[in-house]
Amino acid sequence: MTFPSISRRGLGALALGAAGASLLPRLALAATPDDIKKRGRIQIGTLTDYPPFGGTDDKQNPAGYDVDVANLLAKALGVELQLVPVTGPNRIPFLLTNKVDMLVATFGITEERSKQVLFSNPYSALTTYILAPKGTQIRNAEDLKGVRVGVARASTQDTALSAIAPRETRIMRFDDDATTTQSIISGQTQAIGASNTVLAQLSAGYANLQIEPKFTLRAQANGMAFRKQDEALRDWSNSFIKSIVDNGELAAIHQRWFKAAMDPLPPMPQF
């Protein structure tokens, strides 16, 4: 699979020149399912810096949960898939300036974001937990009294933990997820607040520690994202998501990337 640095749409934008840049919204290529089928190709924005949802393989090609879903979607449409690497900050700009047809990029569904884009029904969830070794007796927030719990400073899990932890909880704040994760590996902390992505990494790399979720701090539903005018593509994608939930393909993708860390697949609500 190749990833050209400038797509046909991007070349068209360059041809307009600076004076014509304001015309881009009027010249946007259609993103209905029928038009994409006629074009024979779909451009999907995906993260490559957030494994296992979106990362790269040993050949530096995009790989992960989102990539597998994007591949299935293109196959269902009967078109070639062109993956376009995006980052958290540029996801919406890439979509709104027509660099991609849609996003499959671990994009949390929020009211604020819904003012700019259309969301599909959820196809994945980013969940933060209190994680601890299997033998650790933690069932709820009250059980955190006197426990050393690590979190990334100012993260959503820090906020969620601070809101529910008893006064006796020893909250230890670290600079990022990596140092928080290292704290439970080394025994500096007895538990950590972290997401299912960290849980997957611990399960894969430190299976001997038997780290498991004790209870949920926060759950974020992730949706595919579309431009406001692309309701037909959003509706088609909702039908596609339902089909891969019903036939077990989404559960298989989930198992591939998260293994025992999040088994079974959480229910996917419909809006």
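Residues numbered from 1 in each chain as written. Predicted model: local features only at pLDDT ≥ 70, side-chain atom pairs only at ≥ 80, totals over all residues. Heavy atoms only, no water.

Draft legend 1. Spotlight on the layout of surface pockets. When its volume is computed, the largest pocket comes out at roughly 420 Å³. If you list the elements that add at least two residues to the lining of the largest pocket, you get β6 (118-133), α5 (156-164), α7 (196-205) and β10 (211-226). No other element matches α7, which puts three residues into the lining of the largest pocket. (1 Å grid on protein atoms, 1.4 Å probe; cavity = no way out; pocket = protein on both sides within 12 Å on 5 of 7 lines; lining within 4 Å. Points joined across faces, edges and corners; volume = space filled by probe spheres on them. Helix = DSSP H or I, 4+ residues; strand = E, 2+ residues; numbered from the N terminus.)

Draft legend 2. Here's a closer look at the pairing of strand β7 (residues 148-152). The element β7 is largely enclosed, with a buried count of four among its five residues. In this structure, β7 lies alongside strand β8 (residues 170-174), joined through five bridges in parallel fashion. Paired with A152 across the bridge in β8 is F174. Considered for its hand, the β-α-β crossover made up of β7, α5 and β8 is right-handed. In the sheet, β7 pairs with strand β9 (residues 191-195) via two bridges, with the strands oriented parallel. By the bridge assignment for β9, G150 is matched with I192. (Buried < 20%, exposed > 50% of the residue type's maximum accessible area, 1.4 Å probe, protein only. Pairing = 2+ DSSP bridges. Right-handed = clockwise from strand over helix to strand, strands pointing away.)

Draft legend 3. Representation of the confidence of the model for the protein chain. Counting all residues, the mean pLDDT for the protein chain is 87, and 85% of those residues have values of 70 or more. Within the model, the stretch residues 1-28 combines pLDDT values under 50 with 27 contacts to residues more than four positions away or in other chains. (pLDDT = per-residue confidence, 0-100. Contact = heavy atoms within 4.5 Å.)

Draft legend 4. Quick look at the pattern of salt bridges. Tallied over the full model, the rule gives 11 salt bridges. For K214, the salt bridge identified is with E212, shortest N-O distance 2.7 Å. With relative accessibility at 14%, the residue K214 sits in the buried group. As a salt-bridge pair, D235 and R234 come within 2.7 Å of each other at their nearest N and O atoms. (Salt bridge = Lys/Arg side-chain N within 4 Å of Asp/Glu carboxyl O.)

Draft legend 5. Focus on the environment of I92. Structurally, I92 can be placed in helix α4 (residues 91-96). For the pair I92 and G45, spaced 47 residues apart in the sequence, the C-alpha separation amounts to 9.8 Å.

Draft legend 6. Spatial organisation of the nonpolar core. Core analysis: the biggest nonpolar cluster contains 31 residues, and I42, I44, V69, M102 and M224 have the highest contact counts within it. Listing elements by their share of this core, those giving two or more residues are β1 (41-47), α3 (65-77), β4 (80-86), β6, β10, α8 (231-246) and α9 (249-258). Take this core: its biggest share by element is eight residues, from α3. Residues A141, A160, A191 and L217 belong to the second largest nonpolar core, which totals 14 residues. (Core = buried A, V, L, I, M, F, W, Y, C linked by side-chain atoms within 4.5 Å.)

Draft legend 7. Main features of α7. By the burial criterion, the buried members of α7 are N196, T197, V198, L199, A200 and L202. Those residues of α7 hidden inside the fold are in contact with β6, α6 (177-186), β9, β10 and α9.

Draft legend 8. Looking closely at the packing of aromatic side chains. As enumerated under the stated definition, the model contains seven aromatic pairs in all. Their ring planes at 10° and their centres at 6.3 Å tell us that Y50 and F53 sit as a pair that is stacked. The class for Y50 is partly exposed, based on a relative accessible area of 27%. Between Y65 and Y123, the ring centres sit 6.3 Å apart and the planes meet at 40°, which makes this aromatic pair tilted. In this pair, Y65 sits in helix α3 while Y123 sits in strand β6, placing the two residues 58 residues apart along the sequence. When sorted by exposure, Y65 lands in the same class as Y123, which is buried. Looking at K99, its charged tip hangs above the ring of F94, at a distance of 5.4 Å from the centre. (Phe/Tyr/Trp six-rings, centres within 6.5 Å; stacked < 30°, edge-to-face > 60°. Lys NZ or Arg CZ within 6 Å of the ring centre and 35° of its normal.)

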